[in-house]
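# Examination of the molecular architecture
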Amino acid sequence: MPDTSTRYTLPAIALHWLLALALIGAFCMGLYMSGLPMSPQRLKLYNWHKWAGICILTLSALRLLWRLTHRPPPDVPMPAWQRRASHATHMLLYLLFFAVPLAGWAYSSAAGFPVVLFGVLPLPDFVSPDKELAEAIKPLHKILAFTMAVLVLGHVGAALKHHFVDRDGLLNRMRPGRA
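Before going into details, it helps to say that this report is about the structure given with it.

The rules behind each value
- Residues numbered from 1 in each chain as written.
- Predicted model: local features only at pLDDT ≥ 70, side-chain atom pairs only at ≥ 80, totals over all residues.
- Heavy atoms only, no water.
- Core = buried A, V, L, I, M, F, W, Y, C linked by side-chain atoms within 4.5 Å.
- Buried < 20%, exposed > 50% of the residue type's maximum accessible area, 1.4 Å probe, protein only.
- Helix = DSSP H or I, 4+ residues; strand = E, 2+ residues; numbered from the N terminus.
- Expected span 1.5 Å × (residues − 1).
- Polar contact = N/O pair within 3.5 Å; in protein donor to acceptor, adjacent residues only side chain to side chain.
- Axes fitted to C-alpha atoms, helices over the stretch in contact; angles between N-to-C directions.
- Parallel < 35°, antiparallel > 145°, perpendicular 65-115°, else oblique.
- Left-handed = near helix turned anticlockwise from the far one by under 90°.
- Nonpolar A, V, L, I, M, F, W, Y, C, P; charged D, E, K, R; others polar.

In globular proteins that are soluble, nonpolar side chains generally tend to be buried together. In terms of nonpolar packing, the biggest core is built from 17 residues, with L19, L23, L96, F97, V100 and M148 touching the most fellow members. Where this core is concerned, the elements lending two or more residues are α1 (10-34), α2 (40-69), α3 (80-110) and α4 (131-166). If you look at the next biggest cluster of nonpolar residues, it comprises seven residues, including W51, I54, W105 and V115.

Below, the structure written as structure tokens:
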């Protein structure tokens, strides 16, 4: 029997908000650290940024697995073009949830800086060290991250429009707590 609930499941809600917080934190950290002069503080933040990226990758995999095995609630009534835009935005966001951290990992590996998760678990290089490749991947990671930031802002804006203008209950479907 299909789920006709109007809310997402608790694990879907938890993964959504955990991933949202991790993405915002990693993006802000990336903006901040890239403007710092070379220092122990900058190196520490780069490591934290890499750790955040691996955590985002893991949360994204868990979220995708949950989404593929649990049907979301039906869409709220909206014009067809909004439904298509919503679904396209979600698909692009899922793609970027993986592309951004993988590009960062590839950049770090190509630059010759291994990812050592939490300073204790060395992860394999995603690509072999190659300075030219690193220089090509670095702007790609940035472009993908900024693209995701724009899509996230659009996602938030659309959710707020549905909540405050349309008053259709869309935001309540993903709101923590009880309906």
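Our focus in this paragraph is α4. When the terminal C-alpha atoms of α4 are compared, their 51 Å separation across 36 residues agrees well with the 52 Å that a helix rising 1.5 Å per residue should span. Measuring from the backbone nitrogen of E132 back to the side-chain oxygen at the start of α4 gives 3.1 Å, which picks out D130 as the cap. In the segment just after α4, R167 is the residue with positive phi, at about 50 degrees.

Direction vectors running N to C along α3 and α4 enclose 150 degrees, while the axes themselves pass 8 Å from each other. Taken together, the axes of α3 and α4 are roughly antiparallel relative to one another. Note that α3 runs across α4; the crossing there is left-handed. Its residues assigned to classes, the contact of α3 with α4 comprises 18 nonpolar, eight polar and three charged.

Across the interface, α1 lies against α2 with an axial gap of 9 Å and an inter-helix angle of 155 degrees. Between α1 and α2, the angle falls in the class roughly antiparallel. For the element pair α1 and α2, the recorded crossing hand is left-handed. Looking at the contact of α1 with α2 residue by residue, the classes come out as 19 nonpolar, five polar and two charged.

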